[in-house]
Amino acid sequence: MNRSQPLVLGIESSCDETGVGIVRGTDLLTNTVSSSMEEHVRFGGVIPEIASRAHLDAFVPALQAALAEADVTLDDVDAIAVTSGPGLAGALMVGVCAAKALAVATGKPLYAINHLVAHVGVGLLNSRPGAATDTEKPVLPDNLGALLVSGGHTEILRIRSITDDVELLGSTIDDAAGEAYDKVARILGLGYPGGPAIDRLAREGNAKAIRFPRGLTQPKYMGTAEEPGRHRYDWSFSGLKTAVARCVEQFEAAGEPVPVADIAAAFQEAVVDVITSKAVLACRERGITDVLLGGGVAANSRLRQLTEQRCSAAGITLHVPPLDLCTDNGAMVAALGAQLVMAGIEPSGINFAPDSSMPVTTVSAKSESQIRAFSALGTPSAAT
C-alpha cells in the first residue's frame, strides 16, 4: 500500500446524501454526491426508509461517476473508507455493506470512520490535484477547534490529532441547530429544508424586533471559568422552537398579521448568537487559536458572518472549507481515511457494524487484532 500518497475511495451514506469521493493523499480528485432531499420535501423532513432506498439506487451510478471523473479504477485504489457512524441506522447500513462488498471483491483494506471527524478532515484537502507539494501540502493547525453545525449535530471539538485524539467540549442536549431551523420553518409555513428559507427571509426582517431566548446561558448552567457549570459549552434549541411557536400563536390569537420575516430574523439571530458566543468562549478558555467551521449549516450567511466577527475579535483564526465540502460528502470520508493510512493506523477489517450513535471521540473502528491487543493489556477496547 502507498502510505505516503494513498489513493483512497470514500463512501458516505449517513443521511440523505450518497457521496463517493476519491483523494490522493491530500489532493481531491473527485467529489460525487447524489442527494435524495427532493424525495423528503413533501414529508417536511428526512424519512429514513426513503433515504435508505435512495442510497441503494444511487450508489453504483455515483461510484461509476467518481471513478470516471478521477480517471482511476478500483484496482488503482489503495484503501476504502466508509462512514460507520453516527447517522441513520438504515442509511449507514447501505454504505457499510457496499464498502464491505467492495473490500472483499477487491482485497483492499477498509477503514470504518467517524462522520463528524470526517467533517474536520476536509480542512486537509487541496482542491487542485497535484498541488500537494512539501510547501503547499495542507496541514491542520496544532491547536485546532472544530465547530460542527448541521441538521443532526451541533458540537465544539478540540482536535489534538485528527487520527487519534479528538475531545468533545460541548454539544446540543436536544435539537441540533439544523433541526431547529426545519421545525421553525414548518411553524412559519416556509417548507423544507428550513435553513435556506429562513436565511433568505431573515435578510428582510428585523432581528431586534423580538427577543427570543438563548438556551443554557443562565448562570446556573454556565458557572464560571474557575468552576464551570455542567452546560457551560452546551446548547439547547428546543425552548427556542417553543418560544417561536408561542409567538406565532399570540399574533394569530390577537387577529394580527404574523411578522414572518421579523420572526425568522430574530430566531436566526438567537441561534447564531448562542452558537458563536459559546464556541468562542470554549476556545478562549481552552487556549484554542484556530477554529474550523463545518457541517451543512455552515452555509448559513449569518452564522458565517458572526463566527468570523467573533473569532477575529478574540484573536482566533477561522477556517471555512468550500461550501460543497461543508455538507455531507464522500470526499471528507476519503480525506480522513487517507490520514489514517498515512499515520499507519491499521484497517478496521470487515467485522465492524454501523453505529448510529458513534461517539465523536471514536475516530475509526479498531480491527480485531487491535481489540485483542488492547484486551491483553487490560485496556478498554474503544475505537481509536
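A. Fine view of the overall build of the protein chain. Looking only at helices and strands, the protein chain has 13 helices and 10 strands in total. The principal-axis extents of the C-alpha atoms in the protein chain amount to approximately 70 × 50 × 40 Å. At a minimum sequence separation of 6, the contacts of the protein chain that also span at least 24 residues come to 73%. Accessible surface computed for the protein chain: about 16,100 Å², of which carbon and sulfur atoms make up 51%.

B. Region of interest: the environment of Thr 30. Mapped onto the elements of the fold, Thr 30 is located in strand β3 (residues 27-35). A relative accessible area of 2% means that Thr 30 is categorised as buried. Considered as a pair, Thr 30 and Val 248 are 218 residues apart in the sequence and their alpha carbons are 45 Å apart. Non-local contacts of Thr 30, meaning those with residues more than four positions away in its chain, are made with Val 20, Gly 21, Ile 22, Ala 66, Glu 69, Ala 70 and Ala 331. In terms of polar contacts, Thr 30 uses its side chain to reach the side chain of Glu 69, at 3.1 Å.

C. Layout of the sheet that holds strand β7 (residues 154-161). Taken together, 5 strands build an open sheet; the order of strands is β8-β7-β6-β9-β10 and the sheet is mixed. Each edge of the open sheet carries a strand with a single partner, namely β8 (165-171) and β10 (317-319). The mean inter-strand angle of the sheet, taken between neighbouring strand axes irrespective of direction, is 25°. Note that strand β9 (residues 290-294) and β10 share 3 bridges and pair parallel.

D. Structural detail: the side chain of Arg 232. Note on placement: Arg 232 falls in the loop between α7 (219-222) and α8 (238-253). We classify Arg 232 as buried; its relative accessible area is 9%. A distance of 2.8 Å separates a polar atom in the side chain of Arg 232 from the backbone oxygen of Met 222. Polar contacts involving the side chain of Arg 232 include one to the main-chain carbonyl oxygen of Gly 223, which spans 3.1 Å. Sequence-distant contacts of Arg 232, that is, excluding residues within four places in its chain, are made with Tyr 221, Met 222, Gly 223, Thr 224, Ala 225, Lys 278, Leu 281 and Glu 285.

E. Spatial organisation of the sheet that holds strand β2 (residues 17-24). One open sheet holds the 5 strands; their spatial order is β3-β2-β1-β4-β5, and the pairing between them is mixed. With one partner strand each, in any of the chains shown, β3 and β5 (110-114) form the two edges of the open sheet. Looking at each pair of strands side by side, their axes are set apart by 20° on average, direction ignored. For strand β4 (residues 79-85) and β5, the ladder comprises 5 bridges, and the chain directions are parallel. Within β5, the residue paired with Ile 80 across the bridge is Leu 110. Contacting β1 (7-12), β2 and β3, helix α2 (residues 48-70) runs over the sheet at an angle of about 25° to β2. Across the sheet, helix α3 (residues 89-106) is in contact with β1, β4 and β5; its angle to β4 comes to roughly 155°.

Each value, and the rule that gives it
- Every residue gets a number counted from 1 within its own chain, in the order that chain's sequence is written.
- Given that the model is predicted, a residue must reach a pLDDT of at least 70 before its local features are reported, and side-chain atom pairs must reach 80 or more before they are shown or counted; all residues, however, enter totals for whole chains, interfaces and linings.
- Hydrogens and water molecules were not included; the side-chain quantities draw on all heavy atoms of the structure.
- Only runs of H or I of at least four residues qualify as helices and only runs of E of at least two qualify as strands under DSSP, and these elements are numbered from the N terminus.
- Note on definitions: a residue-residue contact is assigned when non-hydrogen atoms from the two residues lie within 4.5 Å.
- Computed by Shrake-Rupley with a 1.4 Å probe, the accessible areas treat only the displayed protein chains as cover when residues are assessed.
- Any residue under 20% of the maximum accessible area for its type is buried, any over 50% is exposed, and the rest in between are partly exposed; the area is computed with a 1.4 Å probe on protein chains only.
- The term polar contact refers here to a pair of N or O atoms within 3.5 Å; inside protein, the definition further demands a hydrogen-donor-capable atom paired with an acceptor-capable atom, and it admits residues adjacent in sequence only when both atoms are side-chain atoms.
- By definition, two strands form a pair when at least two bridges between them are found by DSSP.
- The axes are straight lines fitted to the C-alpha atoms, using for helices just the contacting stretch, and the angles between their N-to-C directions are given from 0 to 180°.

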